[in-house]
Amino acid sequence: MTNWNNSRKRPKIFTKEFWKEYKWQDILINLLIYFAVFSSLLLIDLLTKWGLYIGDKPNEILANYKILGIRSLLHRGTTLEIGLTLPGLHTITFLIIISTILFSALAKKKYYRWWIAGLATIAAGSMGNMVDRFIFKGVRDVFFLPFADLGTFNFADVCIIFGSIGFVVSAVTFSLIEIYKEKRKKFISEDSENELDESENNESPETKKNVETNDQIKSNTSNNSEINEEKPISKE
């Protein structure tokens, strides 16, 4: 039984080698970026709702600025109708926030901080809507697009959509950059090896002969020195 337990490999995250790769300064910077973006966007969402929402009045347009309009609506569903109840939506929101915080804390490479900003934006939008569902049993929507009125939304919805787009775009972009760098390193390494082989193959016969002659002279010199050392010193 003991041998079987010892033979099992522990997950890498529970090993000392895994945590040795991290510096507390990097973790702190990552979390500062995350919570700075998260708290700023969450505050904007709550303030816009507080200032613009006047109750569930979907047919009353409060303002129309051609590009953006304002009306007050309490939405009891979700932006993307996925058929979940309030407990299910709360559970998903908690999972989003916890997972994005963990990823942000454990992100190693510096370009991951672009991903952290995108994840924090998604989490801020999810949190903003969750606050509404706790207090109002629905989401306060206050904006619409007059030129394409497909529904009413809020700043949290904008964060979720554009945060997701930003995360995907940055992830794909930096992944492609990493692949390009790896291929370039491999190409340079193979090219230098080929050049070395060609230089060795292109040595002239005279150069090879001179090298062999020099090696032979060195060998003879060392042999003569050994012979001289072995001769007994004559006593007068």
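Everything discussed here concerns the structure shown above.
Residues numbered from 1 in each chain as written. Predicted model: local features only at pLDDT ≥ 70, side-chain atom pairs only at ≥ 80, totals over all residues. Heavy atoms only, no water.

**Focus on the overall build of the chain**
Okay, so step 1: What the chain contains, in helices and strands, is seven helices and three strands.
Okay, so step 2: The linear arrangement of helices and strands in the chain, starting from the amino end, is α-α-α-β-β-α-α-β-α-α.
Okay, so step 3: The buried share among the 236 residues of the chain stands at 27%.
Okay, so step 4: In the chain, of all internal contacts separated by at least 6 residues, the share reaching a separation of at least 24 is 70%. (Helix = DSSP H or I, 4+ residues; strand = E, 2+ residues; numbered from the N terminus. Buried < 20%, exposed > 50% of the residue type's maximum accessible area, 1.4 Å probe, protein only. Contact = heavy atoms within 4.5 Å.)

**Brief notes about the sheet that holds strand β1 (residues 57-64)**
Okay, so step 1: Overall, antiparallel pairing links the three strands, which are arranged β1-β2-β3 in an open sheet. Whereas interior strands pair on both sides, the edge strands pair on one side only; in this sheet they are β1 and β3 (139-144). Looking at each pair of strands side by side, their axes are set apart by 25 degrees on average, direction ignored.
Okay, so step 2: As judged from the five bridges shared by strand β2 (residues 69-75) and β3, these two strands associate in the antiparallel manner. From the neighbouring strand, I70 faces β3, where its bridge partner is F143.
Okay, so step 3: Sitting on the sheet, helix α3 (residues 24-52) touches β1, β2 and β3, and the angle it makes with β3 is about 80 degrees.
Okay, so step 4: Helix α5 (residues 112-136) rests against β2 and β3 of the sheet, and its axis sits at about 125 degrees to β3. (Pairing = 2+ DSSP bridges. Axes fitted to C-alpha atoms, helices over the stretch in contact; angles between N-to-C directions.)

**Focus on helix α4 (residues 86-106)**
Okay, so step 1: The end-to-end C-alpha distance of α4, which contains 21 residues, comes to 30 Å, matching closely the 30 Å that a straight helix rising 1.5 Å per residue would cover.
Okay, so step 2: Turning to α4, its buried residues number three or more, namely G88, L89, H90, T93, I97, T100, S104 and A105.
Okay, so step 3: The secondary structure elements touched by the buried residues of α4 are α3 and α5. (Expected span 1.5 Å × (residues − 1).)

**Observations regarding unusual backbone geometry**
Okay, so step 1: Although it is not a glycine, K66 adopts a positive phi angle of roughly 70 degrees.
Okay, so step 2: With respect to the helices and strands, K66 occurs in the loop between β1 and β2.
Okay, so step 3: The backbone phi angle of K137 is positive, close to 60 degrees, even though this residue is not glycine.
Okay, so step 4: With respect to the secondary-structure elements, K137 resides in the loop between α5 and β3.

**Looking at the side chain of S104**
Okay, so step 1: Relative to the helices and strands, S104 is located in helix α4.
Okay, so step 2: Beyond its immediate chain neighbours, meaning those up to four positions away, S104 contacts N30, Y34 and I116.

**Some thoughts on α5**
Okay, so step 1: Here α5 is 25 residues long and its end C-alpha atoms lie 36 Å apart, about the 36 Å a rise of 1.5 Å per residue gives.
Okay, so step 2: One or two positions beyond α5, positive phi appears at K137, with a value near 60 degrees.

**Points about the nonpolar core**
A general trend in soluble globular proteins is that nonpolar side chains are found buried together.
Okay, so step 1: One finds Y34, F38, Y111, Y112, W115, A123 and A124 to be the most contacted residues of the largest nonpolar core, which totals 16 residues.
Okay, so step 2: Of all the secondary-structure elements, those providing two or more residues to this core are α3, α5 and α6 (155-201).
Okay, so step 3: With six residues, the top contributor of residues to this core is α5.
Okay, so step 4: Excluding anything up to four places from it in sequence, A124 contacts F38, L41 and L42.
Okay, so step 5: In terms of nonpolar packing, the next biggest core, distinct from the first, is built from six residues, Y53, I70, L74 and F143 among them. (Core = buried A, V, L, I, M, F, W, Y, C linked by side-chain atoms within 4.5 Å.)

**Looking at the side chain of H90**
Okay, so step 1: Relative to the helices and strands, H90 is located in helix α4.
Okay, so step 2: In contact with H90, not counting residues within four places along its chain, are M130, R133 and F134.

**Let's talk about the packing of α4 against α5**
Okay, so step 1: Two elements in contact, α4 and α5, have axes whose closest approach is 9 Å; the angle formed by their N-to-C orientations is 155 degrees. Classified by the angle between their axes, α4 and α5 sit roughly antiparallel to one another. Pair α4 / α5 crosses with left-handed handedness. Seen from α4, the contacting residues are L86, L89, H90, T93, F94, I96, I97, T100, F103 and S104; seen from α5, they are W115, I116, L119, I122, A123, S126, M127, M130, R133 and F134. (Parallel < 35°, antiparallel > 145°, perpendicular 65-115°, else oblique. Left-handed = near helix turned anticlockwise from the far one by under 90°.)

**Comments concerning the environment of A171**
Okay, so step 1: With respect to the helices and strands, A171 occurs in helix α6.
Okay, so step 2: Judged by relative accessible area, which is 15%, A171 ranks as buried.
Okay, so step 3: Spatially, the C-alpha atom of A171 lies 8.5 Å from that of W114, the residues being 57 residues apart in sequence.

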